[in-house]
Every structure is written in C-alpha cells, then in structure tokens.
Amino acid sequence: PFSDGSFDVVSIAFGIRNVENVSLAIQECRRVLTNNGRLVILEFFPIKNPVWRFFFMLYFLRVLPIIASIVRAGRTGAYTYLPQSVDEFYSAPAFAKLLVSNELQLRSDTPLTGGVARLFVAVKKS
C-alpha cells in the first residue's frame, strides 16, 4: 500500500525465503525504495563447505529441535521446516544474480557464521 519511492531502506531478516514469489517480493521492495535506497536482506543459504555443512546440519536437525522443545518453542513445527526451507532456497550466488536481475546494484554480500547466514546489501539504481 506504499507509494513508489517511500523508503530509504527496506530490510528483511530470515523471511525472504518464506514468501511465495521471491522475485516479485524483491521487485516490490525496489518499487518502494527511493533512488539510491538500500535493500538489506539477512537470510540463511545452503552451505557449500561439506565439513561446515555436516556440523551445522547436525546442530540444525538434532540439537536445535531439542533446545526448542525444552523452551517450548518447538510446538509449531518450525524447527523441522527450517532446514528444508534453507536447503530448497537459492544459493547465495543465484540470489545475488536475482537481485541484479531486478535492477538492483549489489553493494555487498557478507557471509556470517561460516556462511550459514549472509547479509546482502543492494541499492536501487538511480
């Protein structure tokens, strides 16, 4: 419901992989950005390094659900959905290309926690 060019910054953390049409969501983010406005996305991505992937998946599939059940956060089923949603999401390079193909200029792609999460910053071309 926002006008074109309404925001200097649009951000989303751990949610873009949950939208039905990622490209359309990025287009909408771009539409509401001012010229030179920033789109900032923090998200989980599939892990390429097999050693790091093994340990992370062990944590994600075995340890995290136990912790979630202890603190009663595991009742929603989110902790079984999360690993699957991450594995089925874009690779980081493919996501970067998606940003660029939607007329955004990629400013940075910063891997965090061994690449488990990445912080993308893109700018609306003026």
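Draft legend 1. Molecular detail of the overall build of the chain. For the chain, the count of helices and strands is 4 helices and 4 strands. Secondary structure of the chain in N-to-C order comes out as β-α-β-α-α-α-β-β. Summarising its shape, the C-alpha atoms of the chain cover approximately 45 × 30 × 20 Å along the three principal directions. By residue count, 37% of the 126 residues in the chain fall in the buried class. Of the contacts formed within the chain by residues at least 6 apart in sequence, a portion of 70% connects residues at least 24 apart. Only carbon and sulfur atoms are counted for the fraction: they give 58% of the accessible area of the chain, which is about 7600 Å². Here the chain contributes 14 positively and 9 negatively charged side chains, and the mean placements of these two sets differ by 6 Å.

Draft legend 2. Just helix 2 (residues 50-70), in detail. Its 21 residues place the ends of helix 2 29 Å apart at the C-alpha level, agreeing with the 30 Å of an ideal helix rising 1.5 Å per residue. The largest bend in helix 2 is about 35°, located at Val63, with the proline Pro65 one to four residues further on. Within the span of helix 2, buried status applies to Phe56, Met57, Phe60, Leu64 and Ala68. The distance from a side-chain oxygen at the start of helix 2 to the backbone nitrogen of Val51 is 2.9 Å, and the residue carrying that oxygen is Asn49.

Draft legend 3. Molecular detail of the nonpolar core. Ranked by internal contacts, the top residues of the largest apolar core, which has 20 residues, are Ile16, Ile26, Leu39, Phe95, Leu99 and Phe120. Broken down by secondary-structure element, the contributors of at least two residues to this core are helix 1 (22-32), strand 2 (33-44), helix 4 (92-101) and strand 4 (117-124). When near neighbours in sequence (up to four residues on either side) are disregarded, Phe95 contacts Ile16, Val22, Ile26, Ile41, Phe45, Phe89, Tyr90 and Phe120. Ile47, Met57, Phe60 and Val116 belong to the second largest nonpolar core, which has 10 residues in total.

Reading the values: rules and limits
- Residues numbered from 1 in each chain as written.
- Predicted model: local features only at pLDDT ≥ 70, side-chain atom pairs only at ≥ 80, totals over all residues.
- Heavy atoms only, no water.
- Helix = DSSP H or I, 4+ residues; strand = E, 2+ residues; numbered from the N terminus.
- Buried < 20%, exposed > 50% of the residue type's maximum accessible area, 1.4 Å probe, protein only.
- Contact = heavy atoms within 4.5 Å.
- Areas by Shrake-Rupley, 256 points an atom, 1.4 Å probe, with all protein chains shown as cover.
- Lys, Arg positive; Asp, Glu negative; His and termini not counted.
- Charge placed at Lys NZ, Arg CZ, Asp CG, Glu CD.
- Expected span 1.5 Å × (residues − 1).
- Bend = angle between axes of the 7 residues up to and from the residue.
- Polar contact = N/O pair within 3.5 Å; in protein donor to acceptor, adjacent residues only side chain to side chain.
- Core = buried A, V, L, I, M, F, W, Y, C linked by side-chain atoms within 4.5 Å.

So far we have only geometry, and geometry alone does not tell us how the molecule works.
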